[in-house]
Amino acid sequence: QLQLVESGGGLVQPGGSLRLSCAASGSIFRIYAMGWYRQAPGKQRELVATITSGGITNYADSVKGRFTISRDNIKYEVYLQMNSLKPEDTAVYYCNAPVDISTVQAIFSWGQGTQVTVSS
C-alpha cells in the first residue's frame, strides 16, 4: 500500500501556471504507472495524465499540450506542470496509480488532493 500526499495547488489567473507534486510513501512507487486525476464540483473524477514506470506519458485531450507529467523514482514523487491554465481546469487534483488508463479506477487509497482554482 502507498500513501499519497498531493501539494502545490492554489489560486491562479487564466493563462497562468502551477506545478503540482505528489509524494509517495515507499519504494514500490517505482514499479507503478502513476496518474493525475481531477474532480470538479458536480462532475465525475477524470484521469488527465499518466506516466509509466519507464517514463512514457499519455494525456487527456483536454490538457494535451498544456500539462506535463513527470516523475522522480529516487524521491518517489510525481509532478504535474500545468501551463496556460483555463477556468475549466478548476478542480481538486489527485495522484494515484491507475488500474487502467481507460477508467478512473485506481489501485491505492486516495489522498486529500490539492485544490486548483483558475479565476480572474
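Residues numbered from 1 in each chain as written. Predicted model: local features only at pLDDT ≥ 70, side-chain atom pairs only at ≥ 80, totals over all residues. Heavy atoms only, no water.

## Focus on the pairing of strand S3 (residues 18-24)
Looking along a regular strand, one sees the side chains alternate between the two faces of the sheet.
Here's step 1: Of all 7 residues in S3, 5 are buried; the element is thus mostly enclosed.
Here's step 2: Where strand S1 (residues 4-7) meets S3, 4 bridges bridge the pair, whose relative direction is antiparallel. Looking at S3, one finds that Val5 is bridged to Ala23.
Here's step 3: Of the strand pairs in this sheet, S3 and strand S8 (residues 77-82) are connected by 6 bridges, and their pairing is antiparallel. Across the sheet, Ala23 pairs through a bridge with Glu77, a residue of S8. (Buried < 20%, exposed > 50% of the residue type's maximum accessible area, 1.4 Å probe, protein only. Helix = DSSP H or I, 4+ residues; strand = E, 2+ residues; numbered from the N terminus. Pairing = 2+ DSSP bridges.)

## Section: the side chain of Glu6
Here's step 1: In this fold, Glu6 is placed in strand S1.
Here's step 2: Buried charge without a partner: Glu6 forms no salt bridge, and the closest opposite charge is Arg45, 8.1 Å away.
Here's step 3: At 3.0 Å, the side chain of Glu6 and the backbone nitrogen of Gly113 are in polar contact.
Here's step 4: What Glu6 contacts, discounting residues up to four positions off in sequence, is Ser21, Cys22, Trp36, Tyr93, Tyr94, Cys95, Gly111, Gln112, Gly113 and Thr114. (Lys, Arg positive; Asp, Glu negative; His and termini not counted. Salt bridge = Lys/Arg side-chain N within 4 Å of Asp/Glu carboxyl O. Polar contact = N/O pair within 3.5 Å; in protein donor to acceptor, adjacent residues only side chain to side chain. Contact = heavy atoms within 4.5 Å.)

## What about the sheet that holds strand S4 (residues 34-39)?
Here's step 1: Reading across the sheet, the 6 strands line up as S2-S10-S9-S4-S5-S6 and stay open at both edges, with mixed pairing between neighbours. Since the sheet does not close on itself, it has two edges, and those belong to strand S2 (10-12) and strand S6 (57-59), each with one partner. Averaged over neighbouring strand pairs, the angle between their axes works out to 25° when direction is ignored.
Here's step 2: Strand direction decides the pairing type here: strand S9 (residues 91-96) and strand S10 (residues 114-118), joined by 3 bridges, are antiparallel. Residue pairing across strands places Tyr93 opposite Thr114, the latter belonging to S10. (Axes fitted to C-alpha atoms, helices over the stretch in contact; angles between N-to-C directions.)

## Remarks on the sheet that holds S8
Here's step 1: An order of S1-S3-S8-S7 is seen for the 4 strands of this open sheet, with the pairing classed as antiparallel. The two strands at the open ends of the sheet, each matched to only one other strand, are S1 and strand S7 (67-72). Shown here is a sheet whose adjacent strand axes are inclined to one another by a mean of 15°, direction ignored.
Here's step 2: One ladder, built from 6 bridges, connects S7 with S8; its direction is antiparallel. Pairing of Ser70 across the sheet is with Tyr79, part of S8.

Structural measurements only, silent on function.
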